[in-house]
Amino acid sequence: MKHFAVAAVLTLLTATTASAQPFEAEADLLFRQSEIREGSIDLEGVTRIRIVSNGDELQVQGLTYTDALIYSGMAWAHDLSDIDDVQVEITRTGTLVTLEARRPPRHEAETRLVVNVELPDWLPVDIDDGAGTVTVRQLLRLNAVDGAGAITIEDIAEDLTLEDGSGPVSLKGVHGSVTLLDGPGDLDVADVGGNLNLRDGAGALRAHDVDGDVLVDDGSGGISLGRIRGDVDVRTGDTDGLDARHVGGKLTIRNDRGDLS
């Protein structure tokens, strides 16, 4: 398999220019240096996109009428010597395109990175995010791993798989099935067209308007389920915190001692 390193269109400007104004509100007085990061790549022949980020904010938006991946973002650093270590790069290996947004570890340098990505909504996407806020909208299919921080996912045409370390999770409008491994943090799920299979570590869980079956393995925290058209199977250590209403199929509740209903 051939490996192609794609030279992204990269522009370095100061945050005082007109094009940088949308990002100025993100800047913290701690960071004295700032530069814009911009680039794109044509996606002809590409079958999958992978996004790897350890930045502070990542936004991914699917678009119907595009054949390219386009990113724009802002890099900040306290010291000028660190600004070049805050980068966004695109590479292509065969039919896979990878976008990597990276900055130095927090204990090595005071930096910040915010990235917005636009790409076709007809390609499957993998996201691996270390720590930071993630927002994803309008994709074909998504497989995501999120270390820490809030994550919002909306309007996925097919299936969604998410492994979340910690932080609040909001999922809405997944037309396929959802498989979720969730750590500490509240979880809100709404409008799922297929099945919902989740393992929740700790925190409140709310799920409603699911067309398929719901399978929940819950560690601790309240559970609220509503308007589930299929069967519901819940395993929880806190049955007093369970509220399940408008279940179309069979409702089964389990704890460590076995089935309760």
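Residues numbered from 1 in each chain as written. Predicted model: local features only at pLDDT ≥ 70, side-chain atom pairs only at ≥ 80, totals over all residues. Heavy atoms only, no water.

### Some details on the sheet that holds strand S10 (residues 133-139)
What counts is decided by this rule: For two strands to be treated as a pair, DSSP must find at least two bridges joining them. Helix and strand assignments come from DSSP, with helices taken as H or I runs of at least 4 residues and strands as E runs of at least 2, each series counted from the N terminus. Fitted lines through C-alpha atoms give the axes, limited to the stretch in contact for helices. The angle between two N-to-C directions lies from 0 to 180 degrees.
Here 11 strands make up an open sheet; going across it, the order is S2-S5-S8-S4-S10-S12-S14-S16-S18-S20-S22 and the pairing mixed. Every interior strand has two partners, whereas the edge strands, strand S2 (33-42) and strand S22 (242-247), have only one. Mean inter-strand twist for the sheet, computed between neighbouring axes without regard to direction, equals 5 degrees. Two strands pair when backbone bridges link them, and strand S20 (residues 223-228) and S22 are joined in this way by 5 bridges, in the parallel orientation. Looking across to S22, one finds that isoleucine 223 is bridged to leucine 242.

### A few points about the side chain of arginine 103
Rule in force here: Exposure categories follow from relative accessible area, calculated using a 1.4 Å probe and restricted to protein chains: below 20% of the type maximum is buried, above 50% is exposed, and the middle band is partly exposed. Two N or O atoms count as a polar contact when they lie within 3.5 Å, although within protein this holds only if one can serve as hydrogen donor and the other as acceptor, and sequence-adjacent residues are included solely when both atoms are side-chain atoms. We call two residues in contact whenever any of their non-hydrogen atoms come within 4.5 Å of each other.
Note on placement: arginine 103 falls in the loop between strand S7 (96-102) and strand S8 (111-120). A relative accessible area of 5% means that arginine 103 is categorised as buried. Side-chain polar atoms of arginine 103 contact the side chain of threonine 111, separated by 3.5 Å. Not counting residues within four places of it along the chain, the set of residues in contact with arginine 103 comprises Asn54, Gly55, Asp56, Asp85, Val86, Thr111, Arg112 and Leu113.

### What to know about the pairing of S7
Of the pairings in the sheet, the one linking strand S3 (residues 48-53) to S7 comprises 6 bridges and is parallel in character. Residue arginine 48 lies in a different strand from S7, and its bridge partner there is leucine 96. In this structure, strand S6 (residues 87-93) lies alongside S7, joined through 7 bridges in antiparallel fashion. Along S7, the bridge assignment pairs threonine 93 with leucine 96. Between S6 and S7, which pair antiparallel one after the other, the connecting turn spans 2 residues, and glycine 94 there sits at a positive phi close to 65 degrees.

### Here we look at the pattern of salt bridges
The line we're drawing: The working definition used for a salt bridge is a side-chain nitrogen of Lys or Arg within 4 Å of a carboxyl oxygen of Asp or Glu.
Applying the stated rule across the entire model yields 12 salt bridges. The shortest N-O distance in the salt bridge between glutamate 57 and arginine 112 comes to 3.0 Å. Of the two residues, glutamate 57 sits in strand S4 (residues 57-63) while arginine 112 sits in strand S8, which places them 55 residues apart along the sequence. Each of the two residues, glutamate 57 as well as arginine 112, counts as buried. Across the pair arginine 206 and aspartate 188 runs a salt bridge, and its minimum N-O distance is 2.6 Å. Here the residue arginine 206 occupies a position in strand S18 (residues 205-210), and aspartate 188 occupies one in strand S16 (residues 187-192), the gap between them amounting to 18 residues. Exposure remark for aspartate 188: the relative accessible area of 30% places this residue in the partly exposed category.

Remember that the coordinates give geometry; whether it matters functionally is a separate question.
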